[in-house]
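# Residue-level structural notes
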Amino acid sequence: MKKILTALLFSWCGCALAQTAQELIDNGKNSENVTTFGMGYHLNQYSPLSQINKSNVKRLVPIWSTSLSNDAGELAQPTIYNGVMYVVNGHWTFALDVATGQQIWRTPVEYERGAARVGQPGVIMRGGATIYDGKLFRETIDCHVVALDMKTGKEIWKQKFADYKEGYTGIIAPVVANGVVITGVAGGDRTTRGFLDGWEPETGKKLWRRYTIPAPGEPGSETWPKDMPDAWKYGGGATWQNGSYDPELDLVYWGTGNAEPYNPAYRGGADSLFTASVIAIRPKTGELVWHYQYIPNESFDFDGSAEPVLADLRVDGQVRKALLSANKNGFMYVIDRTNGQLIAAHPFVKVNWASHIDLKTGRPVLTDIYDQAVKGETVEIWPSRGTNASLMAFNPKTGLVYVNSWEIARILKYTKFEFVLGQGSTGVETSFRTPPPGEPWGYHMAFNPVTGQAEWKVPVTETVISAGMLATDGGLLFTGRVNGEFIALDQATGQTLWQFKTGSGINSPPITYTHKGRQYVTVLSGIGGVLNRTMKVADRVPTGGSVWTFALMPD
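Residues numbered from 1 in each chain as written. Predicted model: local features only at pLDDT ≥ 70, side-chain atom pairs only at ≥ 80, totals over all residues. Heavy atoms only, no water.

## Here's the deal with the pattern of salt bridges
Under the criterion given, the structure shown has 20 salt bridges. Among the salt bridges present, the one from Glu 380 reaches Arg 433, with a minimum N-O distance of 2.3 Å. Separated by 53 residues along the polypeptide, Glu 380 in strand 27 (residues 379-381) and Arg 433 in strand 31 (residues 428-433) bring together distant segments of the chain. A relative accessible area of 27% places Glu 380 in the partly exposed class. Residue Lys 416 pairs with Glu 418 through a salt bridge whose shortest N-O separation is 3.4 Å. Look at Glu 418 and you get exposed, because its relative accessible area is 54%. By sharing partners, the salt bridges in this structure join Asp 301, Asp 303, Lys 328 and Arg 410 into a single network. (Salt bridge = Lys/Arg side-chain N within 4 Å of Asp/Glu carboxyl O. Helix = DSSP H or I, 4+ residues; strand = E, 2+ residues; numbered from the N terminus. Buried < 20%, exposed > 50% of the residue type's maximum accessible area, 1.4 Å probe, protein only.)

Written out as structure tokens, the structure is:
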């Protein structure tokens, strides 16, 4: 009898760790779990929880904090399942007790040290800990995808998907869609050709590869110059931010990065599909269903890789299945996610490189900035980026998106490019012009994606903002600042209602959930990535990764 009971208990424990595809789809229905990045496959960073609200948020206090043994930067988001919090960064994978922060297990990331010198961001991890069927999936900086046992942290399988010596890095969380593990790749400022891979989760067998740059003869190859036969081989289109998934349509949506080199002379000024685009693919096969290119002949480092947020919006009296993108190029796009048709596109920051987006053609109407640049002149481009790889929030009840924007110019001049495999391939000289004292560096913003109107804007001075937003039914927005402040804003006005100083800068998107019926909010703290270098943040903010969990102090 004891053997039978032991076997039953072991079987129950195994089931408790074996997430089904339905549990990933149902993320949010059980508020005790956060099973996917972005608070759901839609990536809308929204929660219906309201225990913590505008009337009591001043009683929010830290419950626990745990070191993440990392100085390279925390850009990921925790995942929670059955009382365990899973956290990833460039150097470690953690399992923590969600109630106390006590470490259950910690597994080091094994990688070739030479990979740490590839690219500006360094040894980081974006997205979150991807879980499915008792396994945790993640990438490593030296271009491997790894499956770990969720119960023990032990490696189950490991597969290489690229060579870091050719300029590729692995910094993005996988997405599990329809039983397939899908991974992206970074390398958009180096001699790379972007792609997505599909993997069998049980064994690590590669199922398919979808390149973002078509080879000669493939659909889209006609948009690459025929008199530059190698341009497509190293044309960019990195897939370095997260994708979303619509289970009803069975479509995975993924943004693609800038074209390489930035200097269009080395691509013949061609449209260069599928760079600076969003693509919709079938998760089982990688088949391309539709695409929309934000900027044909992208030449200003305007990645289209921002996470595609899925939302159902009322447009002209009709509910449309939409995809939203707070694009690096400064426009907020609304796209029909069933077919890729452009619905709306409005600037949400200062833009001078284009006057508007033509809704009939879907193409931007360029100003004379581009002509000046190709003549060899130094140009000032607004924006340097509309937002900086920080996941926005969408509240389906208000129909608004909440975004941390940048209001900073880029100074750019096209230069001669010498090809060296694996090294930088921008073909530009570039710098950033930061605002004078007292002027805004960016805004916390509530924005209507259909009308293009900002409902409110709150200026942020002396620093940029690269943390994600989280909207709740408590009328709150949670986000962070580079100086380490974790803050709660009034969703209706943008007014700061609460703040807490963590030990380092915040670059990551928060989450909220319940444990035994009590609402918690968790965020990772730890400055790192490109921001640490380009904006001289390291001079003012200490490094050091940690995870912070908050709840209401009892009355």
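So that's the structure; there's more coming.
## Focus: empty space enclosed by the protein
One simple way to see leftover space: roll a probe sized like a water molecule over the atoms. Counting across every chain of the model gives four cavities of 30 Å³ or more. There is about 170 Å³ of room inside the largest cavity. Around the largest cavity sit 19 residues that line it, and Thr 36, Phe 37, Thr 130, Pro 174 and Val 175 are the ones nearest its centre. Residue assignment for the lining of the largest cavity shows that the elements contributing at least two residues are strand 9 (130-132), strand 13 (175-177) and strand 17 (244-246). Taken together, the residues of the lining of the largest cavity sort by class into 11 nonpolar, eight polar and no charged. One number sums up the size of the second largest cavity: a volume of about 90 Å³. Considering the residues around the second largest cavity, the lining is formed by 13 residues, among which Phe 37, Leu 75, Glu 307, Ala 389 and Pro 509 are closest to the centre. (1 Å grid on protein atoms, 1.4 Å probe; cavity = no way out; pocket = protein on both sides within 12 Å on 5 of 7 lines; lining within 4 Å. Points joined across faces, edges and corners; volume = space filled by probe spheres on them. Nonpolar A, V, L, I, M, F, W, Y, C, P; charged D, E, K, R; others polar.)

## Some details on the sheet that holds strand 22 (residues 318-326)
Spatial ordering of the open sheet is given by 21-22-23-24, a layout of four strands whose pairing is antiparallel. Single-partner strands in this sheet number two, and they are strand 21 (309-315) and strand 24 (342-347). Between one strand and the next, the sheet's axes are offset by a mean angle of 30 degrees, whatever the strand orientation. For strand 22 and strand 23 (residues 331-336), the ladder comprises five bridges, and the chain directions are antiparallel. Bridging from a neighbouring strand, Ala 326 pairs with Met 332 of strand 23. (Pairing = 2+ DSSP bridges. Axes fitted to C-alpha atoms, helices over the stretch in contact; angles between N-to-C directions.)

## Observations concerning the sheet that holds strand 14 (residues 180-183)
The four strands are arranged 13-14-15-16 in an open sheet whose pairing can be described as antiparallel. The strands lining the two open edges of the sheet, one partner per strand, are strand 13 and strand 16 (206-211). The mean inter-strand angle of the sheet, taken between neighbouring strand axes irrespective of direction, is 25 degrees. Note that strand 14 and strand 15 (residues 195-199) share three bridges and pair antiparallel. Within the sheet, the bridge partner assigned to Val 181 lies in strand 15 and is Trp 199.

That's the geometry; what it means functionally is another story.
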